[in-house]
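# Remarks on the overall topology
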Amino acid sequence: MSSGMILYELAGADPELLFSPHCWKVRMALAHKGLVAESRSWRFTEKDAISFSGQGNVPVLIDGAEIVSDSWRIAQHLDARYPNTPLLFEASATVPLAGFVNSWADRTLLSLISRVILLDIHDCLSPVDQAYFRASREKRFGESLEAVVADRPAHLLALRKGLAPLRDVLRQYPYVSGAAPAYADYCVFGMFMWARCSSPVELLEADDPVFHWRDRLLDAFGGLARSARQIASDRTRP
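## Focus on the side chain of His-77
- As for its position among the elements, His-77 is in helix H2 (residues 71-81).
- One polar contact links His-77 to Asp-63, side chain to side chain, over a distance of 2.8 Å.
- When neighbours within four sequence positions are excluded, His-77 is seen to be in contact with Leu-61, Asp-63, Glu-66 and Val-68.

## Digging into the pattern of salt bridges
- As enumerated under the stated definition, the model contains 18 salt bridges in all.
- Ionic pairing is found between Arg-115 and Glu-143, a salt bridge with its closest N-O pair at 3.7 Å. Here the residue Arg-115 occupies a position in helix H3 (residues 94-123), and Glu-143 occupies one in the loop between helix H4 (127-141) and helix H5 (145-148), the gap between them amounting to 28 residues.
- For Arg-115, a relative accessible area of 26% puts it in the partly exposed group.
- It is possible to trace a salt-bridge network through shared partners that takes in Asp-63, Glu-66 and Arg-81.

## Some thoughts on the layout of surface pockets
- Its boundaries defined by the atoms lining it, the largest pocket holds a volume of some 660 Å³.
- Lining the largest pocket we find 30 residues, and of these His-22, Phe-44, Leu-110, Arg-137 and Arg-140 sit closest to its centre.
- Of all the secondary-structure elements, those providing two or more residues to the lining of the largest pocket are helix H1 (21-32), H2, H3 and H4.
- Among the elements that make up the lining of the largest pocket, the one with the highest residue count is H3 (eight residues).
- Residue composition of the lining of the largest pocket, by class: 15 nonpolar, nine polar and six charged.
- Here the second largest pocket defines a volume of roughly 390 Å³.
- Along the walls of the second largest pocket sit 18 residues, with Leu-97, Val-101, Val-176, Ser-177 and Ala-184 positioned nearest its centre.
- Sorting the residues of the lining of the second largest pocket by element identifies H3, helix H7 (164-172) and helix H8 (183-198) as the ones contributing at least two each.
- Broken down by element, the residue count for the lining of the second largest pocket peaks at six residues, all from H3.

## Things to note about the packing of H3 against H8
- Running from amino to carboxyl end, H3 crosses H8 at an angle of 5°, the nearest separation of the two axes being 8 Å. Between H3 and H8, the angle falls in the class roughly parallel.
- Of the residues assigned to the contact of H3 with H8, the class counts are 16 nonpolar, three polar and two charged.

## Topic: the environment of Asn-102
- With respect to the element layout, Asn-102 can be found in helix H3.
- Here Asn-102 falls in the buried class, since its relative accessible area comes to 8%.
- Each C-alpha atom, one on Asn-102 and one on Ala-158, is 20 Å from the other, the two residues being 56 residues apart in sequence.
- With residues up to four places along the chain from it excluded, the contact list for Asn-102 reads Lys-25, Trp-72 and Cys-187.

## Regarding the pairing of strand S3 (residues 60-63)
- Going residue by residue along S3, you find Val-60 and Ile-62 tucked away on one face and Leu-61 and Asp-63 tucked away on the opposite face as well.
- Inspection of the sheet shows S3 paired to strand S4 (residues 66-69) by four bridges, in the antiparallel sense. Across the sheet, residue Leu-61 finds its bridge partner in S4, namely Val-68.
- Turn length for the S3-S4 hairpin, with the two strands adjacent in sequence and antiparallel, is two residues, and the turn residue Gly-64 shows positive phi of about 65°.

## Focus on the environment of Val-26
- Tracing the chain through its elements places Val-26 in helix H1.
- Counting along the chain gives 49 residues from Val-26 to Ala-75, while the straight-line C-alpha distance between them is 6.9 Å.
- In contact with Val-26, not counting residues within four places along its chain, are Leu-7, Pro-59, Ser-71 and Ile-74.

## Observations regarding the packing of aromatic side chains
- For the structure on display, the rule yields nine aromatic pairs.
- Each ring, one from Tyr-8 and one from Phe-52, has its centre 5.6 Å from the other, and the planes form 55°; the classification is tilted. Here Tyr-8, found in strand S1 (residues 2-10), pairs with Phe-52, found in the loop between strand S2 (36-42) and S3; they are 44 residues apart in sequence, far enough to count as distant.
- Clustering of aromatic rings is evident, with ring pairs tying together Phe-44, Tyr-132 and Phe-133.
- Cation over ring: Arg-27 sits above Trp-24, and NZ or CZ is 4.8 Å from the ring centre.
- Cation over ring: Arg-216 sits above Tyr-175, and NZ or CZ is 5.5 Å from the ring centre.

Criteria and cut-off values
Residues numbered from 1 in each chain as written. Predicted model: local features only at pLDDT ≥ 70, side-chain atom pairs only at ≥ 80, totals over all residues. Heavy atoms only, no water. Helix = DSSP H or I, 4+ residues; strand = E, 2+ residues; numbered from the N terminus. Polar contact = N/O pair within 3.5 Å; in protein donor to acceptor, adjacent residues only side chain to side chain. Contact = heavy atoms within 4.5 Å. Salt bridge = Lys/Arg side-chain N within 4 Å of Asp/Glu carboxyl O. Buried < 20%, exposed > 50% of the residue type's maximum accessible area, 1.4 Å probe, protein only. 1 Å grid on protein atoms, 1.4 Å probe; cavity = no way out; pocket = protein on both sides within 12 Å on 5 of 7 lines; lining within 4 Å. Points joined across faces, edges and corners; volume = space filled by probe spheres on them. Nonpolar A, V, L, I, M, F, W, Y, C, P; charged D, E, K, R; others polar. Axes fitted to C-alpha atoms, helices over the stretch in contact; angles between N-to-C directions. Parallel < 35°, antiparallel > 145°, perpendicular 65-115°, else oblique. Pairing = 2+ DSSP bridges. Phe/Tyr/Trp six-rings, centres within 6.5 Å; stacked < 30°, edge-to-face > 60°. Lys NZ or Arg CZ within 6 Å of the ring centre and 35° of its normal.

Geometric descriptors of this kind do not, in isolation, establish any biological role.
Following this line, the structure appears as structure tokens:
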């Protein structure tokens, strides 16, 4: 469905490399609802380009006269504005549960993945964004990017252990949301797309139920996510 919407998304030095986990949540949400938005690449240091939104982060969605920022608010906006398209939240009772999953992804999962891919993200940025990213992330972590990712094998192991609750669910159901994907799935999947697009490291083992869930979502909506631009890598993709 053509909607005339515009979505500002975080990009690397390559404007086609769209790697933000939060923007990927929105990309999948739009596809779920059969909506199309014009994608506009945005970078960390281009705050002025989205100043009209009243804040300095993406995603930012322009939908007619409405300007919506924050992936969670955008998802709720899409269901309210387009109720006759497939819903991201099938019933009001699913909203708090999806909110919990979103919070877990944003806090726990993002932190675990960061310690694996943080330096790779830096390397895919333009020089001016690299300087911003290094300064802001080193302040956040309290150490250099190199120190954050220094023991990558240990961080990767910690991530895989941290996925145990997700793995338990996916042993019983094909999706976090049950028989079919919904917004809770996209909240988690966005984190894996963040890594897939910006890093050569494979986060998951091939026999992991999370791997197979990710594979199903890579193929969803005509392979939208699988066909996304990635950094050049020697990694063998499934």
